[in-house]
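Next come the chains, spelled out residue by residue.
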Amino acid sequence: MTLIEITVLLFTFGGILLGAQAGFNSADDLPGRVLGLLLGGVAGGGGGILATSLLMGGLLALGSFLEWWRPDYPRCRQGRCGTGAYSYRGSKEPTEADRHFQERMLREDFGLVVYCNCGDRYVTDPRRRRFLRVEADGSLHPFRRHRPLGRAWLPDEGA
Ligand SMILES: [Zn+2]
């Protein structure tokens with residue numbers, strides 16, 4: 001079961017239980033209590049589903065905002081290429097080594113491998129807020145980083 005499914009179930013059943021209990025306690029005679037139990041349960045379940053949708057919608061909105069807020073690519077190390085000058089493929093056909101490198105980056109939890117117009121290779125590291133340059137032999141070198149929620153690229157001293 002995913003976290004989302006667990007949340008939906010918890011909120012829905014929590015709502016049903018709370019609603020049913022409130023409905024049950026709202027009347028003094030038995031028919032009133034049974035009716036309260038049923039109506040309260042239905043209302044509580046509906047409220048739980050509504051609360052889940054609001055929560056999920058909020059999380060989704062927050063996620064896309066953070067994605068949007070993250071800075072684009074920095075100026076390349078030769079100073080010639082700006083944000084829009086990067087591509088996912090270099091000028092030449094990807095070699096076997098390029099493919100292996102890409103797979104290694106995925107395994108090691110990095111982001112995208114990109115090339116600037118000069119032909120230099122870089123890899124994004126959104127989790128650690130870094131942008132690294134990649135040598136021909138596949139070794140990684142610190143290049144730029146940004147602060148949490150920061151939009152400016154700063155020199156990366158590799159600390
Ligand atoms: Zn460049």
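Look a little higher up for the structure.
Criteria and thresholds
- Along each chain, the written sequence defines residue order, and numbers are assigned to residues from 1.
- Given that the model is predicted, a residue must reach a pLDDT of at least 70 before its local features are reported, and side-chain atom pairs must reach 80 or more before they are shown or counted; all residues, however, enter totals for whole chains, interfaces and linings.
- In this text, helices come from DSSP runs of H or I with a minimum length of four residues, and strands from runs of E with a minimum of two, each type numbered from the N-terminal end.
- The contact criterion used here is simple: two residues whose C-beta atoms, placed from the backbone, lie within 7 Å are in contact.
- Whether a residue is buried, exposed or partly exposed is read from the other C-beta atoms within 10 Å of its own C-beta, which are placed from the backbone; 20 or more gives buried, 12 or fewer gives exposed, and intermediate counts give partly exposed.
- By definition, two strands form a pair when at least two bridges between them are found by DSSP.
- Think of each axis as a best-fit line through the C-alpha atoms, taken over the contacting stretch in the case of a helix, with angles from 0 to 180 degrees between the N-to-C directions.
- Relative orientations are named as follows: roughly parallel for angles under 35 degrees, roughly antiparallel for angles over 145 degrees, roughly perpendicular for angles from 65 to 115 degrees, and oblique for any other angle.
- Whether a crossing is left-handed or right-handed is set by the direction in which the near helix is turned from the far one by less than a right angle, anticlockwise for left-handed and clockwise for right-handed.
- Note on residue categories: nonpolar means Ala, Val, Leu, Ile, Met, Phe, Trp, Tyr, Cys or Pro, charged means Asp, Glu, Lys or Arg, and polar means any other residue, Gly included.
- Take the residue count of a helix, subtract one, and multiply by 1.5 Å to get its expected span.

**Student:** I keep staring at the environment of Phe131 and nothing clicks. Help me out?
**Tutor:** Its location among the elements puts Phe131 in strand S3 (residues 130-134). Through-space distance from the C-alpha of Phe131 to that of Gly57 is 30 Å; in sequence the pair is 74 residues apart. Contacts of Phe131, omitting those with residues within four sequence positions, involve Tyr73, Pro74, Tyr122, Thr124, Asp125, Phe143, Arg144 and Trp153.

**Student:** What is the right way to look at the pairing of S3 in this model?
**Tutor:** Along any regular strand the residues' side chains alternate between the sheet's two faces. Judged by how many residues are buried, S3 sits mostly within the fold: 4 of 5 residues are covered. In the sheet, strand S2 (residues 121-125) pairs with S3 via 5 bridges, with the strands oriented antiparallel. Residue Val123 lies in a different strand from S3, and its bridge partner there is Leu132. If you look at the hairpin formed by S2 and S3, you'll find 4 residues sitting between the two strands, and Arg129 has a positive phi there, around 55°. The hairpin turn running from S3 into strand S4 (residues 140-145), its antiparallel successor, is 5 residues long, and Gly138 in that turn takes a positive phi close to 90°.

**Student:** Honestly, the packing of helix H1 (residues 3-25) against helix H2 (residues 30-69) in this entry has me stumped. Any pointers?
**Tutor:** Helices that pack against each other are described as a pair by the angle of their axes relative to one another and the distance between those axes. Relative to each other, H1 and H2 sit at 150°, their axes nearing to 6 Å. Looking at the two axes, H1 sits roughly antiparallel to H2. Classified by chirality, the crossing of H2 by H1 is right-handed. Taken together, the residues of the contact of H1 with H2 sort by class into 13 nonpolar, 14 polar and 1 charged.

**Student:** Teacher, can you tell me more about the environment of Phe13 here?
**Tutor:** Within the secondary structure, Phe13 is located in helix H1. Classification of Phe13 as partly exposed rests on a count of 13 C-beta atoms within 10 Å. Along the primary structure Phe13 and Gly40 are separated by 27 residues, whereas in three dimensions their C-alpha atoms are 12 Å apart.

**Student:** Can you walk me through the pairing of S4 in this structure?
**Tutor:** Relative to S4, S3 runs antiparallel, the two sharing 5 bridges. Counterpart to Arg130 in the pairing with S4 is Arg145. Where S4 lies against strand S5 (residues 154-155), 2 bridges are found, and the strand directions are antiparallel. The residue of S5 that forms the bridge with Arg145 is Leu154.

**Student:** Would you mind showing me how to read H1 here?
**Tutor:** Given 3.6 residues to a turn, an α-helix orients residues that are three or four positions apart in the same direction. Taking 1.5 Å per residue, 23 residues should reach 33 Å; H1 reaches 32 Å between its end C-alpha atoms and fits that length. Of the positions making up H1, those classed as buried are Phe11, Gly15, Gly19, Ala20 and Gly23.

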